[in-house]
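This is what each chain is made of:
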Amino acid sequence: MSNSEIAKILSLTADLLDIKGENPFKVRAYRNAARLVEGSSKDFEKLVKEEFDLTKLPGIGHDLSEYIKEIVTTGKFSKLEELKKQIPLGLIDMLSIEGLGPKRIKEIYDAFHITSLEELKKYAQNGELDKLPGFGPKLIEKILKGVKQLKKAGIRFLWADVEEVAEEIRKYLLDFPGVEIVDIAGSYRRRKETVGDLDILVIADDYMKVSEYFTNYKRVKEVYSKGLTRSTVFLDNSLQIDLRAVTKESYGSALHYFTGSKAHNIAIRKMAIDMGLKVNEYGIYKGTKRIAGKSEEEVYETMGLRYIEPELRENRGEIEAAKNNNLPKLVREDDIKGDLKVYFNKNIKEIIDEAEKKGYEFLGICTKNIEDLEKIKKLKSKLKIYSVIECKIDKNGELNYSKDKIKDFDIVYGSVEDNFNLDKVIQTKRIINALNHIDVLSHPICRKIQKFDGIDIEFEQILKAAKEKNKILEIDARRDRLDLDDSKIKLAKETGVRMCINSYATNKKELYNMKYGLNQARRGWAEREDLINTLKNFI
Ligand code: DGT
Ligand code: CA
Ligand code: CA
């Protein structure tokens, strides 16, 4: 933890005490402490690790020394955590609005008992805030802008929902004369299931001209800032886009830095320090000498690491694996030989045609109704067709069809469609029992991104059972499901449980859901052998 991170915690503590109306001397003590830590040339994290007696340093008494120790060793500050519980979250959020400090927030709270950004906006708009001393039109305007900004900051978009506009903007920028390279970095490049904003990097002859052109893109609704090397806009759907100019020499370092994740960057930077190097968005330095930065490959090579694909950059062991040359060989789009869940409906012909065009070798055609079996068997295709029945798993882990009735289907799926709130132990038992009757467990967690976190289960027990019984877990590839998610995919892989990405296509377009599932599988370290979609014979 850096000095400035420690200082931030102390200074937030001062702010919250101030909002609470605590003794000004106490508030000032925390503020001074924050300033002292921020301005110190000593590395407090290091000193604490070396068990150095901090009270030996000028200005640090017993209390502050204990606070710093707590913050460095636990990453948290119990006094601050306590305050956070006492003060409405809305008031804490208000601290990030330019022009509103703790004193003003307290005044607003005392006068109107406002506790949310929504209420703050209302009072700013209806002229109530103006009544407070010092709240002129300029400040009110700032507050309104700040509220808008903060609310947008909370929105995250599904990766699949920004893909189209992201690729369109990439092309739009590349069309501009003098623009050489455009890359969309950040969580978008890491193919995270949701993205907060888009981080675009460009190399251009004349950035000011590109920036002008960028802010004139047809879907830009608001230009938030426009600087010498960076511009920020909001699109008509509130998606934020940051555009940054970078130079050719440092492109690799910039791309690496802005691809993140933050946790990955921090780990890389730490490693560099241990090697006597310095890494930032401009390059890798030995002393004052720049030794790398032109390409990402060069960045990793200089660190003594294999190239790490963006999907893996979450500080989940990828740096260690890159060091030891045992990174996974991630599954690729052309490894996928078939889709094992498209629905039998009126669009089935177009789905089959499209699957043939896509170059698949097999297709699993799924129904929930056993009467469809004969019709599925009659379908003609160059592809190998599998008949798939999707059964409902009841409360006790039994299926809605008896074994005898479904025996002629090639593959049996089971899915939980009700009783989502069972106790964890019971829910886990239910699923493990169901595994006895099925080949593939559909959307194991039953989540819906940003809407429902899913059922409560002992996932590791389910993995163990699936491994023992040689059952397959599904990766539901629908854009708002992605269930299993990346970290569970990684666990399944580590347990030796095979998985299957399913598109759930009900028409030809939805066959392309496969890509979202593939993104998630790659983020979960999946290799070819971990997925049955890549195999010819898996039954
Ligand atoms: P998002 O936009 O919330 O989906 O997530 P990201 O990962 O795109 O994050 P964003 O847009 O805040 O920043 C883009 C990248 O810039 C991030 O992945 C890593 C880098 N970055 C941003 N802030 C910091 C920081 O404070 N420290 C370090 N080391 N890297 C940072
Ligand atoms: Ca971002
Ligand atoms: Ca950003």
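Reading guide: rules and limits
Residues numbered from 1 in each chain as written. Chains lettered and ligands numbered in written order. Predicted model: local features only at pLDDT ≥ 70, side-chain atom pairs only at ≥ 80, totals over all residues. Heavy atoms only, no water. Donors = N, O, S within 2.8 Å, 3.2 Å for Na, K, Ca; no water. Helix = DSSP H or I, 4+ residues; strand = E, 2+ residues; numbered from the N terminus. Buried < 20%, exposed > 50% of the residue type's maximum accessible area, 1.4 Å probe, protein only. Axes fitted to C-alpha atoms, helices over the stretch in contact; angles between N-to-C directions. Left-handed = near helix turned anticlockwise from the far one by under 90°. Contact = heavy atoms within 4.5 Å. Polar contact = N/O pair within 3.5 Å; in protein donor to acceptor, adjacent residues only side chain to side chain. Near = heavy atom within 4 Å. Areas by Shrake-Rupley, 256 points an atom, 1.4 Å probe, with all protein chains shown as cover. Domains from an automatic or database assignment. Buried area = accessible area lost by both parts, 1.4 Å probe. Salt bridge = Lys/Arg side-chain N within 4 Å of Asp/Glu carboxyl O. Phe/Tyr/Trp six-rings, centres within 6.5 Å; stacked < 30°, edge-to-face > 60°. Lys NZ or Arg CZ within 6 Å of the ring centre and 35° of its normal. Lys, Arg positive; Asp, Glu negative; His and termini not counted.

### A closer look at the coordination of the calcium ion (ligand 3)
Only Asp197 (OD), Asp197 (OD), Asp199 (OD) and Asp242 (OD) from the protein coordinate the calcium ion (ligand 3), and they sit 2.2 to 2.9 Å from it. In primary-sequence terms, the residues that donate to the calcium ion (ligand 3) follow D-x1-D-x42-D. Between the calcium ion (ligand 3) and the calcium ion (ligand 2), a spacing of 3.8 Å is present, and a bridge between the two is formed by Asp197. Of the two residues, Asp199 is situated in strand 4 (residues 197–204) and Asp242 in strand 7 (residues 240–245); the sequence distance between them amounts to 43 residues. When sorted by exposure, Asp199 lands in the same class as Asp242, which is buried.

### A few points about the packing of helix 1 (residues 3–20) against helix 4 (residues 62–74)
Their axes nearest at 11 Å, the elements helix 1 and helix 4 cross at an angle of 115°. Like other packed secondary-structure pairs, helix 1 and helix 4 cross with a definite hand, here right-handed. Where helix 1 abuts helix 4, its residues Ile6, Ile9 and Leu10 lie against Leu64, Ile68, Ile71 and Val72.

### Topic: the side chain of Glu311
The topology assignment puts Glu311 in the loop between helix 15 (296–302) and helix 16 (318–323). Of the polar contacts made by the side chain of Glu311, one reaches the side chain of Arg522; its length is 2.8 Å. Filtering out sequence-adjacent residues up to four positions away, Glu311 remains in contact with Arg190, Arg191, Arg522 and Arg523.

### A closer look at the site of ligand 1
Arg156, Ser187, Arg190, Gly196 and Arg269 are the nearest of the 16 residues found near ligand 1. Separating an oxygen atom of ligand 1 from a side-chain N or O atom of Ser187 is a distance of 2.5 Å. Take Asn265: an N or O atom from its side chain is 3.4 Å from a nitrogen atom of ligand 1. Burial of ligand 1 by the surrounding chains reaches 72%, relative to a free accessible area of 600 Å². Only helix 11 (186–189), strand 4, helix 13 (251–259) and helix 14 (262–274) provide two or more residues apiece to the shell around ligand 1.

### Some details on the domain arrangement of the protein chain
Domain annotation of the protein chain identifies domain 1 (3–152), domain 2 (157–245), domain 3 (249–323) and domain 4 (333–534). Computed from C-alpha coordinates alone, the two centres of domain 1 and domain 2 are separated by 33 Å. Counting residues at the interface gives 4 residues for domain 1, matched by 4 residues for domain 2. Here domain 1 meets domain 2 over a buried area of about 420 Å², counting both sides, of which 51% is carbon and sulfur. In this assembly, domain 1 and domain 2 are joined by 1 salt bridge. Ionic pairing is found between Lys148 and Glu222, a salt bridge with its closest N-O pair at 3.3 Å.

### Thoughts on the packing of aromatic side chains
A complete count under the given rule lists 15 aromatic pairs for this structure. Where Tyr67 meets Phe77, the ring centres are 5.1 Å apart and the plane angle is 55°; that geometry is what we call tilted. A residue pair is termed long-range when its members are at least 10 positions apart, and Tyr67 in helix 4 and Phe77 in the loop between helix 4 and helix 5 (78–86) qualify at 10 residues. Summarising the burial analysis for this pair, Tyr67 and Phe77 share the class buried. Each residue in the set Tyr172, Phe176, Tyr213 and Tyr217 is aromatic and connected to the rest through ring pairs, giving one cluster. Between Lys341 and the ring centre of Tyr413, over which it is positioned, the NZ or CZ distance is 4.7 Å.

### Remarks on unusual backbone geometry
Put simply, Gly260 and Ser261 share a cis peptide bond, and its omega is -5°. Turning to its location among the elements, Ser261 is positioned in the loop between helix 13 and helix 14. With a phi angle near 55°, Asn470 is a residue other than glycine that sits in the positive phi range. Relative to the assigned elements, Asn470 resides in the loop between helix 20 (459–469) and strand 16 (472–476). Here Leu482, not a glycine, exhibits a phi torsion of approximately 45°, which is positive. Within the secondary structure, Leu482 sits in the loop between strand 16 and helix 21 (486–495). According to the relative accessible area criterion, Leu482 is buried, its value standing at 4%.

### Describing the side chain of Asp183
With respect to the helices and strands, the residue Asp183 is situated in strand 2 (residues 179–184). Of the buried charged residues, Asp183 lacks a salt bridge, with Arg170 as the closest side chain of opposite charge at 4.1 Å. A polar contact of 2.9 Å, which involves the side chain of Asp183, links it to the side chain of Tyr251. In this view, Asp183 contacts Arg170, Asp199, Ile200, Leu201, Tyr251 and Leu255; residues no more than four positions away in its chain are not counted.

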